[in-house]
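Geometric and topological summary
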Amino acid sequence: MSIAHYIKVIGRGKDGARPLSREQACDLFGQVLDGTVTDLEIGGFCLAMRIKGETPEEMAGFLDATYQRMQRFPATDKPTVVLPSYNGARKLPVLTPLLALLLAREGLPVLVHGTATESSRIFSSEVLSALDIHALTAIRSIAAGEVVFAATELLLPGLKRLLDVRRAVGLRNPAHSLVKIMSPCLGKALVVSSYTHPEYAISMGQTFELIQANALLLRGTEGEVVADARRTPQMEAFIAGQRRLLQAAQPGTLASVPDLPKDIDSESTAAYIRAVLSGTHAVPASIASQVEHILQLTSHL
């Protein structure tokens, strides 16, 4: 098998490249995930797509290939909230685990999935481990009110391999967008997704519409899906692909900024999360608002 004929289509530069159909994208990405093509072809695919950019049809095809191969979690009685966590903490504490635990406290099953994509950041998996929530070793049902963490390699080893290409070439590839919009669950689920650059908000929203997804989309904290505790971000909902604005962004920082931990290591972040859950510290307003939006959306699924 070879994807050379696809690279010829997508690799002619920003102006000369042509988009793939959903079926072609599915075939290409499936071969990449299966590891049946050479490292040189994978590098060519990643660099070509980085220059060209993914269309919603292509992303839908990539998702089709992923779902055909992925181990997915069983359906639950309540909708599962899916929190992709791939960016980690650089300057601020990673509070995705706090969002997960606040949602679980409301009785929802919560899946956090991710992998370390850089060596210099603190990741949700480390904070969750400090909170005695350790990575799963097998796919299983998620109980209502439970938070679980699944490493990407447990879901689909080929996807983890593709994410790791970034360490070699220094650039993101379609896998980095895909993991933020995929749902590793069967049955009803709400994907909470984030972007760092406005152009990704457009493309991710168009993909959610195309695949008729149930999702919440916002500009999160340093690429994480949790709302920035210092700001009021815009949040958009997608229910069966139908888009609506939940909350408009407010410029600048909040008048009252929560007292976040100055150290972003996993133990300090876990201690802060315990304090918030116990009521010693207040839930940051933007995160409390995000929880309310998610509860409202899941009630309609």
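Coordinates for the structure precede this section.
Heads up: these notes are all about the structure in this document.

This next bit is on the pattern of salt bridges. Taken as a whole and assessed by the stated rule, the structure comprises 11 salt bridges. We note a salt bridge from Arg243 to Glu236, for which the minimum N-O separation is 3.2 Å. Accessibility expressed as a relative area gives 34% for Arg243, which makes it partly exposed. What makes Glu236 buried here is its relative accessible area of 13%. A network of salt bridges, in which partner residues are shared, links Lys160, Asp164 and Arg167.

Taking burial as the measure, the 5 residues of strand S2 (residues 110-114) include 5 buried ones, the bulk of the element. Burial of the side chains of S2 extends over both faces: Val110, Val112 and Gly114 are buried on one face and Leu111 and His113 on the other. In this sheet, strand S3 (residues 147-151) lies alongside S2 in parallel orientation, the contact comprising 5 bridges. Note on S3: the bridge partner recorded for Gly114 is Ala151. The β-α-β motif built from S2, the intervening helix H7 (residues 124-130) and the parallel element S3 has right-handed crossover chirality.

What follows covers the pairing of strand S1 (residues 80-84). Across the 5 residues that make up S1, a large majority, 5, are buried. Burial of the side chains of S1 extends over both faces: Thr80, Val82 and Pro84 are buried on one face and Val81 and Leu83 on the other. Judged from the 3 bridges that link them, S1 and strand S4 (residues 189-195) form a sheet pairing that is parallel. Within S4, the residue paired with Val82 across the bridge is Val191. As paired strands, S1 and S2 are joined by 4 bridges and run parallel to one another. Opposite Pro84, over in S2, you have His113 as the bridge partner. Between S1 and its parallel partner S2, the chain crosses via helix H6 (residues 96-105), and the hand of that crossover is right-handed.

Here the focus is the packing of aromatic side chains. Within the structure shown, the criterion is met by 4 aromatic pairs. For the ring pair Phe45 and Phe62, a centre distance of 6.0 Å and an interplane angle of 90° mean the geometry is edge-to-face. Highlighted residues: Phe45 in helix H4 (residues 39-52) and Phe62 in helix H5 (residues 56-69), separated in sequence by 17 residues. Residue Phe62 is classed as buried on the basis of its relative accessible area of 0%. An angle of 45° between the planes, with centres 5.3 Å apart, marks the rings of Phe208 and Phe238 as tilted. Of the two residues, Phe208 sits in helix H12 (residues 198-210) while Phe238 sits in strand S6 (residues 235-239), which places them 30 residues apart along the sequence. Pairwise contacts between aromatic rings join Phe29, Phe45 and Phe62 into one cluster. A cation over a ring is seen here: Arg72 above Tyr67, with NZ or CZ 4.0 Å from the ring centre.

The 7 strands lie next to each other as S3-S2-S1-S4-S5-S6-S7, forming an open sheet whose pairing is mixed. Looking at strand neighbours, the two that pair on one side only are S3 and strand S7 (242-247), the edges of this open sheet. Within the sheet, the average angular offset between the axes of one strand and its neighbour, ignoring direction, is 25°.

If you look at the biggest cluster of nonpolar residues, it comprises 55 residues, and the most contacted ones within it are Phe29, Phe45, Phe73, Leu159 and Met182. If one sorts the elements of this core by residue count, helix H3 (residues 22-34) sits on top with 6 residues. Counting residues in hydrophobic clusters, the runner-up holds 46 residues, among them Ala89, Leu101, Leu128 and Ile133.

Our next topic: H5. Across its 14 residues, H5 extends 20 Å between first and last C-alpha, which sits within 8% of the 20 Å expected from 1.5 Å per residue. Along H5, the residues classified as buried are Glu58, Met59, Ala60, Gly61, Phe62, Leu63, Ala65 and Thr66. In the core, the buried residues of H5 are packed alongside helix H1 (4-10), H3, H4, helix H9 (157-163), helix H11 (174-181) and H12.

Reading guide: rules and limits
- Residues numbered from 1 in each chain as written.
- Predicted model: local features only at pLDDT ≥ 70, side-chain atom pairs only at ≥ 80, totals over all residues.
- Heavy atoms only, no water.
- Salt bridge = Lys/Arg side-chain N within 4 Å of Asp/Glu carboxyl O.
- Buried < 20%, exposed > 50% of the residue type's maximum accessible area, 1.4 Å probe, protein only.
- Helix = DSSP H or I, 4+ residues; strand = E, 2+ residues; numbered from the N terminus.
- Pairing = 2+ DSSP bridges.
- Right-handed = clockwise from strand over helix to strand, strands pointing away.
- Phe/Tyr/Trp six-rings, centres within 6.5 Å; stacked < 30°, edge-to-face > 60°.
- Lys NZ or Arg CZ within 6 Å of the ring centre and 35° of its normal.
- Axes fitted to C-alpha atoms, helices over the stretch in contact; angles between N-to-C directions.
- Core = buried A, V, L, I, M, F, W, Y, C linked by side-chain atoms within 4.5 Å.
- Expected span 1.5 Å × (residues − 1).
- Contact = heavy atoms within 4.5 Å.

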